[in-house]
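Residues per chain are reported as follows:
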Amino acid sequence: MSNSIAPWNPLQLVVISLFTCFTTFFIPSESGVSLTAVSVTLLGLCVPVLFVQIKLGGYLQKGIVGVFSMFFPIWKGVGIAALLDLLLRIASFAPLVAQFGTYAFIAISDEHYVWGQCHNLQLTSIKELCMEDETRSSVLYGSGDAHRPEELFYKYEFLQLSDDLTDIAGFPQWRFTEIARKAEVSLMPVTLAIVWVLVFLLVGFGGRVCGWMLFLLGPTATACLLAVLGYGWANLDLGPTLQFLKDNNQVNLLNKEEILKDWTKGFQRVMYSLPVWTSVAVTMGRMCGRGRIIRNVGWLLVVIVYILMSELPAITMAPYIANMITKNDRNPNVAYRIGPALMLWQMPAAFTTLGIPSVYAFIFFLAAFIFALMFLCVGCLTIVDNIVVSMEGWIEKRACSKVAVHLLVTFFVMCLAKALGIIQTTKAGVYYSELMDRSLFQFRFVLILLLALGLLVVYVKQNFSLGERVVMAFWFASSTLICSGLWFYALMHDQNQGFLYPTQTKSVPRDWDMVRWVIGALPLLGVPIGALHACYSACGSGSPVCSKLFCGITERVREHQFDQLPPPPPPEPTAPPYMYTYMDNAYPLDDTYKMEYDPPEAEPLRPHNSQTRI
């Protein structure tokens, strides 16, 4: 890949930043306080972090590990920890992406509407059920006439859920679902494999190919979402929709505890959505190239895309959810919930009860699937790019093909992530998903502090203007303290429910708390691993160990080295008009053999003929 040509241009960066829309399918704003917290967090806390990360990635042309290895080698283990944290996140989200693809598939798998008709919808605190016997007033597990609306067409359950974790016995059996013409297949593992194959095909050939493919997927997903939005607002009752949006965005200042809780939820929503305090933003800056303009305004493009797209999924789902609740207003069990229930249970129930054409159900879940697939691709590309960049010396020494190495590393990361998430496709998958989701954020405040310290040291050591470094360093440090403090507060007050499960739905037993702490601490193992590797490298370099570990490259990287193209190579010398060999003495080239039409430049120089016609 040429160093003078960036894999992504600014327009591609804008489209690729649409992957941040994926999270808002699950966690829309619950109140006006939460919406205000989103705006304040975005502009006050995320701007300096995105600015520093994107600028360092573009200026140094390194990933998070390479940035620390150049200027703060002892800290490169923190970059490894950030990559491990990202790997666990995409591994835990991938089964959910597979469920989106499965729902999109079953929506058009049969000529009849796949969710059928449900005349008695029961939305309980646990899950949505469709009671065939309308005279029943309660929902009982194990009853033959109770099922979720999306299960009406099938003989077997689509999403297998166990009532108690003790029923699982540690190793749940695979369950099957009947899809299209009653063909029994194990759909979820197959769909998960298809998801990772798609990620491999998109990421394996490098950042440039991946960027163009995501550039095509982004507008496709947006168009699908806008089509569902247009149908809902044009064909459903607007009264319940407007009232629903008003109720979910009003500001209530009477309860101080609720205000603080809603503010924390809004803060966490932005942290989950944007690539803040992760290894993604640095790689995005590297992909945008070394241009001065793009590395200074890249953060602005990401923020603008998030502002425009963050509320679009919630506005799209509002007509369907509001009209479903209004249609079942006599049922006290019908309520609005966020998390997986919003996408996997309530939206299918809304499509069923409102009689929405199946094509709109298909394109809705297709849009969610594409947005989520973009997130997996960006996360996987970040991990693979950091690994490949760290192997550049090894690749050049052995004259290996960089494309082949990139494909091999992508395949390895894909297999590892698929293995980590395969257990979530079992009958106990909902419990494992909740366990992984809540575990990943146990030590979030620690990772933020470590990343901030390393990024601040590297940023201050660069050759940027003094005023910029002073202002951004102060703003960056303030954002670090506030972000880590809010995460620590959420942890101490048991509000750190995770991303997929922001409320108590299926609760993991308290006996598993130790497992949560162990999983949460797993990414931090990269810190000592990187430190040991840095010490080993410094001891063999011959320079002072302390200077090598804490200073790295002592001289600053010059601005003109990156912003100006290298000088063109000198032109190839022209061939001489006469070829001289050892036979020159035998056949001297003197005036006897020189023709009159020979140009003066063709006259050979000899000691006895020092004058020419030139």
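Just above, that's the structure.
Along the backbone of the chain there are 22 helices and five strands. Per-residue burial for the chain yields a buried fraction of 54% across its 614 residues. For the chain, the proportion of contacts with a sequence separation of at least 24, taken over those separated by at least 6, is 80%. In the structure as shown, the chain presents an accessible area of about 28,000 Å², 65% of it carried by carbon and sulfur atoms.

The next subject is unusual backbone geometry. Positive phi values are uncommon outside glycine, yet Q61 reaches one of about 55 degrees. Within the element layout of this structure, Q61 appears in the loop between α2 (32-60) and α3 (64-71). For Q61, a relative accessible area of 13% corresponds to the buried category. A positive phi angle, near 60 degrees, is found at W277, a position not held by glycine. The topology assignment puts W277 in the loop between α8 (256-273) and α9 (280-287). For W277, a relative accessible area of 2% corresponds to the buried category.

Ranked by internal contacts, the top residues of the largest apolar core, which has 155 residues, are F100, W277, F364 and F371. Sort the elements by how many residues they give to this core and helix α13 (residues 358-390) lands first, with 21 residues. Each residue touching W277, except ones within four places of it in the same chain, is listed here: V49, Q53, M271, R444, I448, L451, A452, F476, S479, T480 and C483.

Here we take up the packing of aromatic side chains. One pass over the full model with this rule turns up 26 aromatic pairs. Ring geometry for F25 against F371: centres 6.0 Å apart, planes inclined by 40 degrees, an arrangement best described as tilted. Note that F25 is positioned in the loop between α1 (10-16) and α2 and F371 in helix α13, a separation of 346 residues in sequence. Comparing F25 with F371, the two get one shared label, buried.

On to the packing of helix α12 (residues 340-353) against α13, then. For the pair α12 and α13, interaxial distance at closest approach is 11 Å and the crossing angle is 160 degrees. Between α12 and α13, the angle is such that the two are roughly antiparallel. Of the two possible hands of crossing, α12 and α13 adopt the one that is right-handed. Taken together, the residues of α13 that come into contact with α12 (itself represented by M343, M347, P348 and F351) are Y360, A361, F364, F365 and A368. Grouping the constituent residues of the contact of α12 with α13 by class yields nine nonpolar, no polar and no charged.

An ideal rise of 1.5 Å per residue puts 22 Å on 16 residues; helix α11 (residues 312-327) measures up with 24 Å between its terminal C-alpha atoms. Where α11 bends most, the angle comes to about 40 degrees, and this point is A318, followed within four residues by the proline P319. Extensive coverage of α11 is indicated by the burial of twelve of its 16 residues. Looking at α11, one finds that the buried residues are L312, P313, A314, T316, M317, A318, P319, Y320, I321, A322, N323 and M324.

Looking now at the environment of S31. Examined against the element boundaries, S31 turns out to sit in the loop between α1 and α2. S31 has contacts with N248, N249, Q250 and D262, leaving out every residue within four places of it along the chain.

It is worth spelling out empty space enclosed by the protein at this point. Within this structure, the stated rule accounts for four cavities of 30 Å³ or more. Approximately 110 Å³ is the volume attributed to the second largest cavity. Contributing to the lining of the second largest cavity are 14 residues, with F19, R89, S273, P275 and F375 lying nearest its centre. Elements represented by at least two residues in the lining of the second largest cavity include exactly α4 (76-107), α8 and α13. Broken down by element, the lining of the second largest cavity gets its largest block of residues, three residues, from α13.

In this model, helix α10 (residues 292-309) (18 residues) spans 27 Å end to end at C-alpha, consistent with the 26 Å of a helix rising 1.5 Å per residue. In α10, a bend of some 45 degrees at G298 exceeds every other bend along the element. Of the positions making up α10, those classed as buried are I294, R295, G298, V302, V303, V305, Y306 and M309.

Our focus in this paragraph is a nonpolar patch on the surface. Together, L43, I293, V297, L300, I304, I307 and L308 make up a nonpolar patch on the protein surface, roughly 660 Å² of accessible area in all. By the element assignment, L308 lies in helix α10.

All told, the structure shown has five salt bridges when counted by the stated rule. Its salt-bridge partner being E311, residue R269 comes within 2.9 Å of it at the nearest N-O pair. With R269 in helix α8 and E311 in the loop between α10 and α11, the pair connects residues that are 42 residues apart, well separated along the chain.

This part is about the state of the cysteines. In a disulfide, the sulfur atoms of two cysteines are covalently bonded to one another. Evaluation of the coordinates by the stated rule reveals zero disulfides. Cysteine C377 shares no disulfide, and the gap to the nearest cysteine sulfur, in C210, comes to 5.3 Å. Here C380 is not disulfide-linked; the sulfur of C377 is the nearest cysteine sulfur, at 7.5 Å. Residue classification places C380 among the buried residues on the basis of a relative accessible area of 1%.

Checked against the element boundaries, D385 lands in helix α13. A residue is classified by how much of its surface remains accessible, and D385, at 5% relative accessible area, is buried. Here D385 is in contact with T283, R286 and M287, once residues within four sequence places are set aside.

Let's shift gears to the packing of α4 against α12. α12 packs onto α4 with a crossing angle of 20 degrees between their chain directions and a minimal axis gap of 11 Å. Put simply, α4 runs roughly parallel to α12. The chirality of how α4 crosses α12 is right-handed. Here L96, Q99, F100 and Y103 of α4 come into contact with α12, specifically with M343, L344, W345 and P348. Looking at the contact of α4 with α12, its residues break down into seven nonpolar, one polar and no charged.

Before going further, it helps to spend a moment on the environment of I395. With respect to the secondary-structure elements, I395 resides in helix α14 (residues 392-397). With a relative accessible area of 6%, I395 lands in the buried category. Between the C-alpha atom of I395 and that of V405, which follows or precedes it by ten residues, the distance is 8.1 Å. In this structure, I395 is in contact with V388, C400 and V405, ignoring residues within four places of it in sequence.

Turning our attention to the side chain of S484. Tracing the sequence through the fold places S484 in helix α18 (residues 466-492). For S484, a relative accessible area of 7% translates into the label buried. A distance of 2.8 Å separates a polar atom in the side chain of S484 from the backbone oxygen of T480. For S484, the residues in contact, after removing those within four places along its chain, are F445, I448 and L449.

Rules and cut-offs
Residues numbered from 1 in each chain as written. Predicted model: local features only at pLDDT ≥ 70, side-chain atom pairs only at ≥ 80, totals over all residues. Heavy atoms only, no water. Helix = DSSP H or I, 4+ residues; strand = E, 2+ residues; numbered from the N terminus. Buried < 20%, exposed > 50% of the residue type's maximum accessible area, 1.4 Å probe, protein only. Contact = heavy atoms within 4.5 Å. Areas by Shrake-Rupley, 256 points an atom, 1.4 Å probe, with all protein chains shown as cover. Core = buried A, V, L, I, M, F, W, Y, C linked by side-chain atoms within 4.5 Å. Phe/Tyr/Trp six-rings, centres within 6.5 Å; stacked < 30°, edge-to-face > 60°. Axes fitted to C-alpha atoms, helices over the stretch in contact; angles between N-to-C directions. Parallel < 35°, antiparallel > 145°, perpendicular 65-115°, else oblique. Left-handed = near helix turned anticlockwise from the far one by under 90°. Nonpolar A, V, L, I, M, F, W, Y, C, P; charged D, E, K, R; others polar. Expected span 1.5 Å × (residues − 1). Bend = angle between axes of the 7 residues up to and from the residue. 1 Å grid on protein atoms, 1.4 Å probe; cavity = no way out; pocket = protein on both sides within 12 Å on 5 of 7 lines; lining within 4 Å. Points joined across faces, edges and corners; volume = space filled by probe spheres on them. Patch = residues over 30% accessible without salt bridge, like charges linked within 9 Å, V, L, I, M, F, W, Y side chains within 5 Å. Salt bridge = Lys/Arg side-chain N within 4 Å of Asp/Glu carboxyl O. Disulfide = S-S within 2.5 Å. Polar contact = N/O pair within 3.5 Å; in protein donor to acceptor, adjacent residues only side chain to side chain.

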